[in-house]
Amino acid sequence: MANNTKRPQWRTAVEVAVISIVIYVALGAPGLSSLGPTNNENVKQSVPTARAKIESLVYPDETLSCPSHKYGVHVVTSEPLVLYIDGFLSGEEADYLVTQSQDKWQTSTIFNGGVETTDDKVRKSEKALIDRDDTVQCIEQRALAFQGWPAETFIERLWTQRYNVTGHYAYHYDWATASKISRRVSTFMVYLAADCEGGGTQFPKIARPKDARWCEFVDCSPEAEEGVTFKPRKGAAVFWSNFDAAGRGYKDTIHAGLPVTSGTKIGLNIWSWYQAGHSTPQGHISGPSTEHVA
Ligand SMILES: *[C@@H]1O[C@H](CO)[C@@H](O)[C@H](O)[C@H]1NC(C)=O
């Protein structure tokens, strides 16, 4: 098969600069700011923030034996890979994570030019850092097993997100900060509590699957936004890859958390992070390997 349009292995400096400007608002993951190679402005910050990022990476205890768990997977699209996973968490697991979040809620933040800040227009929700007991590590393990235990790939500490009425997250990519050796490879958007109206996860550039059976999972109403809007359903997850094989961020993964119009939505992000050179934990998580920090 001829392939005349050879694509560069990695983004050119110009592309990186453009993307850095366009993607001004990075995700509000804790400790995550612009990593060195993508943003010259933040070179001074890049070492500490990269280290903070690496320190937030975890790997489930490999000696832990997790009960088997059934879920149903449906392919939305294969390029970029977007999947709908029904019952990724059981109702009990979802409730447990909500309980574990109690008394831990704090205002969600965004990163704006490398500075952690809040902005209701961009992101209005609360987040809670989840302790890593066996139940939680088994969820981390499920997420890694689902992806085939990719090499040098870790889980970012889990945070839940609570969206009350008017809570939302504006259109963004999850790959806003990335380098050749360090990036958020995939996202599971899991719904833990979905006693709400609105609050769908909206992908304007992904076509809604045609089959009417999808209407259980996606908004099929005439008012539905362009593209596909996944309905919050307790225990279900939307999974997608953020990068293609050459390491380019998929532009079609732009998405938003639509405003909640009644009730409360609680979500869980499970982000997998590729960190080249970070040692594979033998049984347990290794410490940060500072010589590989960008
Ligand atoms: C969201 O709703 C809960 C009650 O369901 C309340 O305790 C909490 O303070 C609300 N958060 C905000 C930011 O209003």
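Residues numbered from 1 in each chain as written. Predicted model: local features only at pLDDT ≥ 70, side-chain atom pairs only at ≥ 80, totals over all residues. Heavy atoms only, no water.

The protein chain goes by Fe2OG dioxygenase domain-containing protein in an unreviewed UniProt entry, where it is assigned to Recurvomyces mirabilis. Heading Cofactor (unreviewed entry) of the UniProt record for the protein chain holds this comment: "L-ascorbate". (UniProt positions renumbered as here; feature names shortened; annotations may be inferred.)

Draft legend 1. Region of interest: the overall build of the protein chain. For the protein chain, the helix and strand inventory stands at 4 helices and 19 strands. By the burial criterion, 51% of the 294 residues in the protein chain qualify as buried. Nonlocal contacts in the protein chain, meaning residues at least 24 apart in sequence, comprise 79% of its contacts between residues at least 6 apart. Carbon together with sulfur atoms contributes 52% to the accessible area of the protein chain, which is approximately 13,800 Å² in total. (Helix = DSSP H or I, 4+ residues; strand = E, 2+ residues; numbered from the N terminus. Buried < 20%, exposed > 50% of the residue type's maximum accessible area, 1.4 Å probe, protein only. Contact = heavy atoms within 4.5 Å. Areas by Shrake-Rupley, 256 points an atom, 1.4 Å probe, with all protein chains shown as cover.)

Draft legend 2. Representation of the site of the ligand in the model. Near the ligand you find E126, R162 and N164, and these make up its full shell. Between the ligand and E126 there is a distance of 3.0 Å, counted from a nitrogen atom to a side-chain nitrogen or oxygen. A distance of 2.5 Å separates an oxygen atom of the ligand from a polar side-chain atom of N164. (Near = heavy atom within 4 Å. Polar contact = N/O pair within 3.5 Å; in protein donor to acceptor, adjacent residues only side chain to side chain.)

Draft legend 3. Layout of the packing of helix 3 (residues 91–101) against helix 4 (residues 134–146). Interaxial distance between helix 3 and helix 4 falls to 11 Å at its minimum, and their mutual angle equals 120°. Put simply, helix 3 runs oblique to helix 4. Like other packed secondary-structure pairs, helix 3 and helix 4 cross with a definite hand, here left-handed. In contact with E93, Y96 and L97 of helix 3, helix 4 contributes T135, V136, I139 and R142. Its residues assigned to classes, the contact of helix 3 with helix 4 comprises 4 nonpolar, 1 polar and 2 charged. (Axes fitted to C-alpha atoms, helices over the stretch in contact; angles between N-to-C directions. Parallel < 35°, antiparallel > 145°, perpendicular 65-115°, else oblique. Left-handed = near helix turned anticlockwise from the far one by under 90°. Nonpolar A, V, L, I, M, F, W, Y, C, P; charged D, E, K, R; others polar.)

Draft legend 4. Looking closely at the layout of surface pockets. The volume enclosed by the second largest pocket comes to roughly 220 Å³. Going through the elements one at a time, strand 14 (182–198) and strand 16 (228–230) are the ones with two or more residues in the lining of the second largest pocket. The biggest single contributor to the lining of the second largest pocket is strand 14, with 3 residues. In the lining of the second largest pocket, the residues fall into 5 nonpolar, 4 polar and 6 charged. (1 Å grid on protein atoms, 1.4 Å probe; cavity = no way out; pocket = protein on both sides within 12 Å on 5 of 7 lines; lining within 4 Å. Points joined across faces, edges and corners; volume = space filled by probe spheres on them.)

Draft legend 5. View of the pairing of strand 12 (residues 168–172). Note: strand 8 (residues 123–124) against strand 12, 2 bridges, orientation antiparallel. Note that in strand 12 the partner of K124 across the bridge is H168. By the bridge criterion, 2 bridges tie strand 12 to strand 18 (residues 255–257) in an arrangement that is antiparallel. Following the sheet pairing, H172 is matched in strand 18 by H255. (Pairing = 2+ DSSP bridges.)

Draft legend 6. Main features of the state of the cysteines. According to the stated counting rule, one finds 2 disulfides in the structure shown. Paired by a disulfide, C215 and C220 hold their sulfur atoms 2.1 Å apart. As the torsion about the S-S bond is roughly -95°, the C215-C220 disulfide counts as left-handed. Overall, the relative accessible area of 27% leaves C215 in the partly exposed class. (Disulfide = S-S within 2.5 Å.)

Draft legend 7. How the structure looks around the packing of aromatic side chains. The tally for this structure, following the rule as stated, stands at 15 aromatic pairs. Summarising the aromatic geometry, the rings of F203 and F230 are spaced 5.8 Å apart at their centres and angled 85° between planes, so their arrangement reads as edge-to-face. Residue F203 is found in strand 15 (residues 201–203), and its partner F230 is found in strand 16; the two are separated by 27 residues along the sequence. Note on accessibility: F203 and F230 belong to one class, buried. Where W214 meets F217, the ring centres are 5.8 Å apart and the plane angle is 85°; that geometry is what we call edge-to-face. There is no split in this pair, since W214 and F217 are both buried. Across from the ring centre of F88, 6.0 Å away, lies the NZ or CZ of R142, which sits over that ring. Lying over the aromatic face of F243, R183 brings its terminal NZ or CZ to 5.5 Å of the ring centre. (Phe/Tyr/Trp six-rings, centres within 6.5 Å; stacked < 30°, edge-to-face > 60°. Lys NZ or Arg CZ within 6 Å of the ring centre and 35° of its normal.)

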